[in-house]
Amino acid sequence: MTIPQEQFDDLLSRTALAALFYYPEVAIDDDGPNLQNDIAYCLEPVAGIADEDAGRLHVAIGRVITNPTAHRSELLALVIELAPAPAA
């Protein structure tokens, strides 16, 4: 299944928003706002992607949310790898 570029763009936008509002003291596993919920929210646009690729994105998104400066290029490279080439 090919995921359109627009859905990857939505993933990146959601990740940027989650990173902007990330607060390190937010619990990792309670019922309120947490990192796992943020990652799941970011992955929603690409829900049909292969499990292996979803796992790679899950890790990359978590890293970007918690430290955008150090990890954003990793996520961008992964999105470029997984997204279809733009139509000419």
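Residues numbered from 1 in each chain as written. Predicted model: local features only at pLDDT ≥ 70, side-chain atom pairs only at ≥ 80, totals over all residues. Heavy atoms only, no water.

Trainee: Any chance you could break down the nonpolar core for me, citing the residues and the numbers?
Mentor: F8, L11, V46, L57, I61 and L75 are the most contacted members of the largest nonpolar core, which totals 20 residues. A total of five residues in this core trace back to one element, the largest contributor, which is helix α3 (residues 51-66). Excluding residues within four positions of it along the chain, L11 makes contact with C42, L43, P45, V46, L57, I61, L75 and V79. (Core = buried A, V, L, I, M, F, W, Y, C linked by side-chain atoms within 4.5 Å. Buried < 20%, exposed > 50% of the residue type's maximum accessible area, 1.4 Å probe, protein only. Helix = DSSP H or I, 4+ residues; strand = E, 2+ residues; numbered from the N terminus. Contact = heavy atoms within 4.5 Å.)

Trainee: Kindly report on the packing of helix α2 (residues 35-43) against α3, identifying the contributing residues and their values.
Mentor: Contact pair α2 / α3: the axes reach a minimum separation of 10 Å and the direction vectors enclose 120°. For the element pair α2 / α3, the angle class is oblique. Crossing handedness for the pair α2 and α3: right-handed. Across the interface between the two elements, L35, Q36, D38, I39, C42 and L43 of α2 pack against A54, L57, H58, I61, G62, I65 and T66 of α3. Residues belonging to the contact of α2 with α3 are distributed by class as follows: eight nonpolar, four polar and one charged. (Axes fitted to C-alpha atoms, helices over the stretch in contact; angles between N-to-C directions. Parallel < 35°, antiparallel > 145°, perpendicular 65-115°, else oblique. Left-handed = near helix turned anticlockwise from the far one by under 90°. Nonpolar A, V, L, I, M, F, W, Y, C, P; charged D, E, K, R; others polar.)

Trainee: I'd like a rundown of α2, residues and numbers included.
Mentor: Since the α-helix advances by 3.6 residues per turn, residues separated by three or four positions end up pointing in the same direction. Turning to α2, its buried residues number three or more, namely L35, I39, C42 and L43. Buried residues of α2, seen end-on, are gathered within an arc of 95° and therefore sit on one face of the element. Of the surrounding secondary structure, the elements contacted by the buried residues of α2 are α1 (5-20) and α3. (Arc of directions from axis to C-beta.)

Trainee: Before we move on, can you summarise the pattern of salt bridges with the specific residues and values?
Mentor: In this structure the tally under the stated criterion is five salt bridges. Close ionic contact of R14 with D10 constitutes a salt bridge, the shortest N to O distance being 3.2 Å. Of this pair, R14 and D10 both sit in helix α1, four residues apart, which is roughly one turn of that helix. A relative accessible area of 16% places R14 in the buried class. (Salt bridge = Lys/Arg side-chain N within 4 Å of Asp/Glu carboxyl O.)

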